[in-house]
Amino acid sequence: MNTSLKTSVLPTNEAAVASAAHCLREGGLVAFPTETVYGLGADATNATAIARLYQAKGRPAFNPLIAHVGDLAAAREIGRFDTAALRLAEAFWPGPLTLVLPKTAHCAVAELATAGLETVAIRIPAHPVARDILRVFGRPVVAPSANLSGHVSPTTAAHVQSDLEGRIDLIVDGGAVAVGVESTIVGIFDEPMLLRPGGLPRADIERVLGRALKQPPADAESDSAQPLAPGMLASHYAPRTRVRLGAIRIEPGEALLAFGSDAVSGIDAAAAVMNLSVRGDLSEAAANLFGYLRALDSKAAQTIAVMPIPNDGLGEAINDRLRRAAVGRE
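Thresholds applied
Residues numbered from 1 in each chain as written. Predicted model: local features only at pLDDT ≥ 70, side-chain atom pairs only at ≥ 80, totals over all residues. Heavy atoms only, no water. Helix = DSSP H or I, 4+ residues; strand = E, 2+ residues; numbered from the N terminus. Buried < 20%, exposed > 50% of the residue type's maximum accessible area, 1.4 Å probe, protein only. Contact = heavy atoms within 4.5 Å. Areas by Shrake-Rupley, 256 points an atom, 1.4 Å probe, with all protein chains shown as cover. Lys, Arg positive; Asp, Glu negative; His and termini not counted. Charge placed at Lys NZ, Arg CZ, Asp CG, Glu CD. Pairing = 2+ DSSP bridges. Salt bridge = Lys/Arg side-chain N within 4 Å of Asp/Glu carboxyl O. Arc of directions from axis to C-beta.

**Examining the overall build of the protein**
Summing up its helical and strand segments, the protein has 10 helices and 14 strands in all. Counting only C-alpha atoms, the protein reaches 60 × 50 × 35 Å along its principal axes. By the burial criterion, 56% of the 330 residues in the protein qualify as buried. Excluding contacts between residues fewer than 6 apart, the proportion of contacts in the protein whose partners are at least 24 apart in sequence is 68%. Split by element, the accessible area of the protein, about 12,800 Å² in all, is 51% carbon and sulfur. Taking the 30 positively charged and 34 negatively charged side chains of the protein as two groups, their mean positions are separated by 2 Å.

**Thoughts on the pairing of strand β9 (residues 184–188)**
Most of β9 is tucked away: 5 of the 5 residues are buried. Burial along β9 is two-sided: the face carrying T184, V186 and I188 and the face carrying I185 and G187 are both buried. Bridge count between strand β5 (residues 97–102) and β9: 4 bridges; the pairing is parallel. Each residue of the ladder has a partner; that of T98, found in β9, is I185. The pairing of β9 with strand β10 (residues 192–196) spans 4 bridges and is classified as antiparallel. The residue of β10 that forms the bridge with I188 is P192. Remark: 3 residues form the turn of the hairpin made by β9 and β10, two consecutive strands paired antiparallel.

**Focus on the pattern of salt bridges**
This structure, assessed with the given rule, holds 17 salt bridges. A salt bridge links D169 to R52; the nearest nitrogen and oxygen atoms lie 3.3 Å apart. Here the residue D169 occupies a position in the loop between α7 (157–164) and β8 (170–173), and R52 occupies one in helix α2 (residues 47–57), the gap between them amounting to 117 residues. Residue classification places R52 among the partly exposed positions, given a relative accessible area of 26%. Here E251 and R249 are joined by a salt bridge, their closest N and O atoms 4.0 Å apart. Residue classification places E251 among the partly exposed positions, given a relative accessible area of 38%.

**Here's the deal with helix α6 (residues 128–137)**
Given 3.6 residues per turn, any residue in an α-helix points the same way as the ones three and four places further on. Regarding α6, the residues found buried are V129, A130, I133, L134 and F137. Considered in projection along α6, the buried side chains sweep an arc of 135 degrees and stay on one side of the axis. Away from the buried face of α6 by more than 90 degrees, exposed residues P128 and R135 are located. Residues of α6 that are buried make contact with α1 (14–25), β2 (30–33), β3 (38–43), β4 (66–68), β7 (141–142) and β8. Just downstream of α6 lies G138, where phi reads positive at about 85 degrees.

Set out below in structure tokens:
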């Protein structure tokens with residue numbers, strides 16, 4: 001992998017948006033903020049650019065990518081919407097929801113981005129910078145999280161720079177993101193299926209659909225199988241330090257990722273402590289999750305011990321990311 005590129009970092013303004021669109025047209029790689037995490041963008045219709053993106057991230061080429069578009073009309077150019085899909089799109093776009101839909105006959109998204117599947121993952125992001133870039137560029141943009149594959153997702157431009165400096169062309173710095181975990185992914189199959197919990201709670205989606213979301217097959221999250229959607233590899237979102245879940249006691253030298261105000265036995269011996277939300281707010285915890293994991297990963301502790309986190313609302317997405325972070329490291 002060539003890591004000798006000069007990676008430019010530009011503050012958000014009209015010139016940065018124009019530079020990003022120009023870079024994408026030239027087959028370049030641009031990191032930019034969405035409301036969920038920073039995405040690494042490439043022209044979704046350019047297989048060569050997408051191959052560069054996979055290489056820059058070290059991402060398995062069988063792992064599909066989300067195509068980001070500016071509006072529903074653009075989404076309908078690449079994906080076939082049934083009644084359920086339209087209902088969800090109209091309720092939650094722009095926003096942290098990705099829909100996996102059958103491709104249209106004239107879908108312009110490159111086969112490499114869809115990993116050879118007959119479906120395409122689509123999202124309309126809500127962040128104004130992302131929307132401006134999509135508007136000026138005028139084509140779909142694939143934009144997985146802007147980090148090395150499997151590593152903790154980035155919520156600031158500095159996180160992107162620490163992972164991808166010298167590997168990508170441009171970073172548009174729009175400050176810290178608001179949501180902090182990736183989009184919720186729903187597959188529109190015979191029955192709508194929750195493929196990945198994320199920044200839009202399951203209950204909100206089920207309320208609009210008027211029915212429960214199906215769960216994916218038991219083998220859908222195997223690292224050896226082709227994923228049905230982005231972010232479904234069993235080991236993902238992981239710091240380099242081993243992660244231990246459900247911690248109610250801290251061993252000497254462990255770093256603690258805390259939640260809430262409950263006391264934890266052994267905390268005085270912790271190498272470092274960061275609390276996702278002292279007041280037990282799951283939205284605050286989601287926004288802090290990846291940044292705090294990165295910070296604790298830098299403390300050279302043997303283990304990051306994670307306190308239990310409720311599984312309701314955004315807690316489902318938080319626990320999903322923590323579980324994937326811990327796979328192979330427990």
